[in-house]
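Listed below, chain by chain, are the residues.
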Amino acid sequence: IKRTEDCEEYFTAFPTIAMHDDFLTYEAMSIEQPFSVAFSHLVHKDVAIFEVFLSLYFRPNNFHCIHVDYKASKDFRRAVENLVKCYSKKVNHGQIFVLTKNESISVEWGETSMLDADMKCHSELLGFKKNKEVAWRYISSVAGSELPIVTYSKFHNTLSQHLKSMSSAVESFRLPKHNERRFVNHTFDLVTSYEDGVKIREYKLPTTVNKSQGERFLNDNFTFQIFKGSRNVILSSEDSNFFINHPISHSLYEW
């Protein structure tokens, strides 16, 4: 908190790699297809880890949404807000911001609250995408306890090479049969199909209508498969928009 009271002094004491013009020029030459990336951060303790993340991955044209857990201490929130205040002075076409205390929720591991907090950042970042000169192409969900293990230029080039323009990266596998007990109290019809001779269990669910948001009514039910995987996904802006705004996504969320 003391170090971030004077932002110019802060970057002298805690330099960040992206603040050096010569480095940015070199990195721009090494990145294959320049585009902006968005990050959704869920933080609740250990502000030093988030501080190091920004020192490594902050770029002036990227977007960062930070959700501070409602249960976090006043000092922790102030430390994060001060840090973001300093980095805000370094943005160009991007944006970095902290959701207010009123917007924050109490996040519990393994509960729906983790998804809710991520959705809040997705919604805010999609709004910036519409209004900014440089629109972000992908969004990465990052926990406050995580640090990158590759350079930003390598991370950026990997996205460019493997995801092209509108694909997403999700690590998952079909739900194991012993995990189906998680859904025994949910309402759905089980549908069995075959894919390359392999029996596939699908779930049939009626769509819901949210009239307050003016959603288009989908007359037919839809079927889906359940996969198990990591919450650390990288979504394209198109998939993020589906995740937040599509009626089918809303139906799955309510289910």
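Residues numbered from 1 in each chain as written. Predicted model: local features only at pLDDT ≥ 70, side-chain atom pairs only at ≥ 80, totals over all residues. Heavy atoms only, no water.

A. Broad picture of the overall build of the protein chain. Tallying secondary structure elements over the protein chain gives 8 helices and 10 strands in all. Scored against the burial criterion, the 255 residues of the protein chain give a buried share of 40%. By sequence separation, contacts in the protein chain at least 24 residues apart represent 76% of the contacts at least 6 residues apart. Within the structure as shown, the protein chain displays about 14,800 Å² of accessible surface, and the carbon and sulfur contribution to it stands at 51%. (Helix = DSSP H or I, 4+ residues; strand = E, 2+ residues; numbered from the N terminus. Buried < 20%, exposed > 50% of the residue type's maximum accessible area, 1.4 Å probe, protein only. Contact = heavy atoms within 4.5 Å. Areas by Shrake-Rupley, 256 points an atom, 1.4 Å probe, with all protein chains shown as cover.)

B. Seen up close, the environment of W136. Following the sequence through the fold, W136 ends up in strand β4 (residues 136–143). For W136 and S36, which are 100 residues apart along the polypeptide, the C-alpha to C-alpha distance reads 4.4 Å. At 3.0 Å, the side chain of W136 forms a polar contact with the backbone oxygen of L125. (Polar contact = N/O pair within 3.5 Å; in protein donor to acceptor, adjacent residues only side chain to side chain.)

C. Focus on unusual backbone geometry. Unusually for a residue other than glycine, D46 sits at a positive phi of about 55°. Under the relative-accessibility criterion, D46 is labelled partly exposed at 42%.

D. Highlighting the confidence of the model for the protein chain. Overall, the predicted model of the protein chain reaches an average pLDDT of 83, with 78% of residues at or above 70. Helix α2 (residues 21–30) is the least confidently modelled element of the protein chain, averaging 59 in pLDDT, while strand β2 (residues 63–68) averages 97, the highest of any element. (pLDDT = per-residue confidence, 0-100.)

E. Spatial organisation of the sheet that holds strand β10 (residues 234–236). The strand order across the open sheet built from 5 strands is β3-β2-β1-β4-β10, with neighbouring strands paired in mixed fashion. The open sheet has two edge strands with one neighbour each: β3 (95–98) and β10. Taken over all neighbouring pairs, the strand axes of this sheet differ in orientation by 15° on average, direction set aside. In this structure, β2 lies alongside β3, joined through 4 bridges in parallel fashion. Counted as the bridge partner of C65 is F97 from β3. Together, β1 (36–43), β2, β3 and β4 form the strand contacts of helix α3 (residues 47–57), whose direction differs from that of β1 by roughly 175°. Along the sheet, helix α4 (residues 74–88) contacts β1, β2 and β3; its crossing angle with β3, the most-contacted strand, is approximately 165°. (Pairing = 2+ DSSP bridges. Axes fitted to C-alpha atoms, helices over the stretch in contact; angles between N-to-C directions.)

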